[in-house]
Amino acid sequence: MNKNKLKGARRTRRRIGIRKRVTGTPVRPRLAVYRSLNHVYAQVIDDMAGKTLVSASTRDKGVKVDGSTGNCDAAKTAGTLLAERAKDAGITDVVFDRGGFKYHGRIKAFADAARDGGLKF
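Residue positions within a chain follow its written sequence, with the count starting from 1. Local features in this predicted model are restricted to residues of pLDDT 70 or higher, and side-chain atom pairs are both shown and tallied only at a pLDDT of 80 or more, whereas totals for entire chains, interfaces and linings draw on every residue. In computing side-chain properties, one takes all heavy atoms of the structure into account and sets aside hydrogens as well as water.

Peer 1: I'd like to hear about the packing of helix α2 (residues 72-88) against helix α3 (residues 106-116), residue by residue, with values.
Peer 2: Closest axis-to-axis distance for the α2/α3 pair is 7 Å, and the angle between their directions is 35°. The two elements α2 and α3 meet at a crossing, and its hand is right-handed. Contact residues: Cys72, Ala75, Lys76, Ala78, Gly79, Thr80, Leu82 and Ala83 in α2; Arg106, Ala109, Phe110, Ala113 and Ala114 in α3. Fitting a line to C-alpha atoms yields each axis, with helices limited to the stretch in contact; the angle taken between N-to-C directions then spans 0 to 180 degrees. For helices the rule is a DSSP run of H or I covering at least 4 residues; for strands it is a run of E covering at least 2, with both sets numbered from the N terminus onward. Handedness of each helix crossing follows the sense of rotation of the near helix against the far helix: counterclockwise by less than a right angle gives left-handed, clockwise gives right-handed. The criterion used for residue contact is that any of the two residues' heavy atoms lie within 4.5 Å.

What follows is the structure, given as structure tokens:
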């Protein structure tokens, strides 16, 4: 089995383990983050109702990034934007779902920016 398949399988196992423990409620919704090669996407989700309350990504028009959208600076900008939108929707407490990605690099930059923007998790 090649290295990339093993890497994807490990991420899938981590993701399943995280989702067993993390559930979004109306009081404390889930902040789910996905990282692709070129972008970072995030949603604040109420799992009980099955609805996305707020979303932001590096593809949004509100995200002003110089150069690449797949780096830590772009992730910080998206995290700040998500925190602003969540505060406007009246959301302050969330549960962080890193989606099986290691808490490092762009995921960490996004989370720190969201915390600095006023979200608690």
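Anyway, onward from the coordinates.
Peer 1: Lay out the pattern of salt bridges in plain terms, naming residues and giving numbers.
Peer 2: What counts as a salt bridge is simple: a side-chain nitrogen of Lys or Arg found within 4 Å of a carboxyl oxygen of Asp or Glu. Per the stated rule, a full pass over the model turns up six salt bridges. A salt bridge links Asp60 to Arg85; the shortest N-O distance between them is 3.0 Å. A residue pair is termed long-range when its members are at least 10 positions apart, and Asp60 in the loop between β3 (51-57) and α2 and Arg85 in helix α2 qualify at 25 residues. Each residue gets one of three labels from its accessible area relative to the maximum for its type: buried under 20%, exposed over 50%, partly exposed in between, using a 1.4 Å probe on protein chains only. On the basis of relative accessible area, Asp60 is assigned to the partly exposed category, the value being 22%. The salt bridge involving Asp112 is made with Arg115; its shortest N-O contact spans 3.3 Å. Here Asp112 and its partner Arg115 are both found in helix α3, three residues apart, which amounts to about one turn of the helix. Its relative accessible area of 34% is what places Arg115 among the partly exposed residues.

Peer 1: I'd like a description of the layout of surface pockets, backed by residues and values.
Peer 2: Size it by volume and the largest pocket reaches roughly 430 Å³. Elements with a minimum of two residues in the lining of the largest pocket: α1 (3-21) and β1 (30-35). For the lining of the largest pocket, the per-class residue count stands at three nonpolar, five polar and seven charged. Within this model, the second largest pocket holds a volume of roughly 180 Å³. Cavity and pocket criteria rest on a 1 Å grid covering protein atoms alone: a 1.4 Å probe that fits but cannot get out defines a cavity, protein on both sides within 12 Å along at least 5 of 7 lines defines an open pocket, and an atom within 4 Å of a point defines a lining residue. Grid points are joined across faces, edges and corners, and a volume is the space filled by probe spheres set on the points. When residue character is reported, Ala, Val, Leu, Ile, Met, Phe, Trp, Tyr, Cys and Pro are called nonpolar, Asp, Glu, Lys and Arg charged, and the others, Gly included, polar.

Peer 1: Got a sec to walk through the environment of Tyr103? Specific residues and values, please.
Peer 2: By secondary structure assignment, the location of Tyr103 is in the loop between β4 (95-97) and α3. Non-local contacts of Tyr103, meaning those with residues more than four positions away in its chain, are made with Phe96, Arg98, Lys108, Ala111, Asp112 and Arg115. Any N or O atom pair separated by 3.5 Å or less is treated as a polar contact, with the protein-specific requirement of one donor-capable and one acceptor-capable atom, and with residues adjacent in sequence counted only for side-chain atom pairs. Here the side chain of Tyr103 touches Arg115 through a polar contact of 3.1 Å, side chain to side chain.

Peer 1: Describe in detail the side chain of Arg106, supporting the description with residues and values.
Peer 2: Tracing the backbone through its elements, the reader meets Arg106 in helix α3. His is not counted, nor are the chain ends; Lys and Arg add positive charge and Asp and Glu add negative charge. Although buried, Arg106 forms no salt bridge, and the nearest oppositely charged side chain, Asp73, lies 11 Å from it. Looking at Arg106, its side chain comes within polar contact range of the main-chain oxygen of Ser36, at 2.9 Å. Arg106 has contacts with Arg35, Ser36, Leu37, His39, Val40, Gly70, Asn71, Cys72 and Ala75, leaving out every residue within four places of it along the chain.

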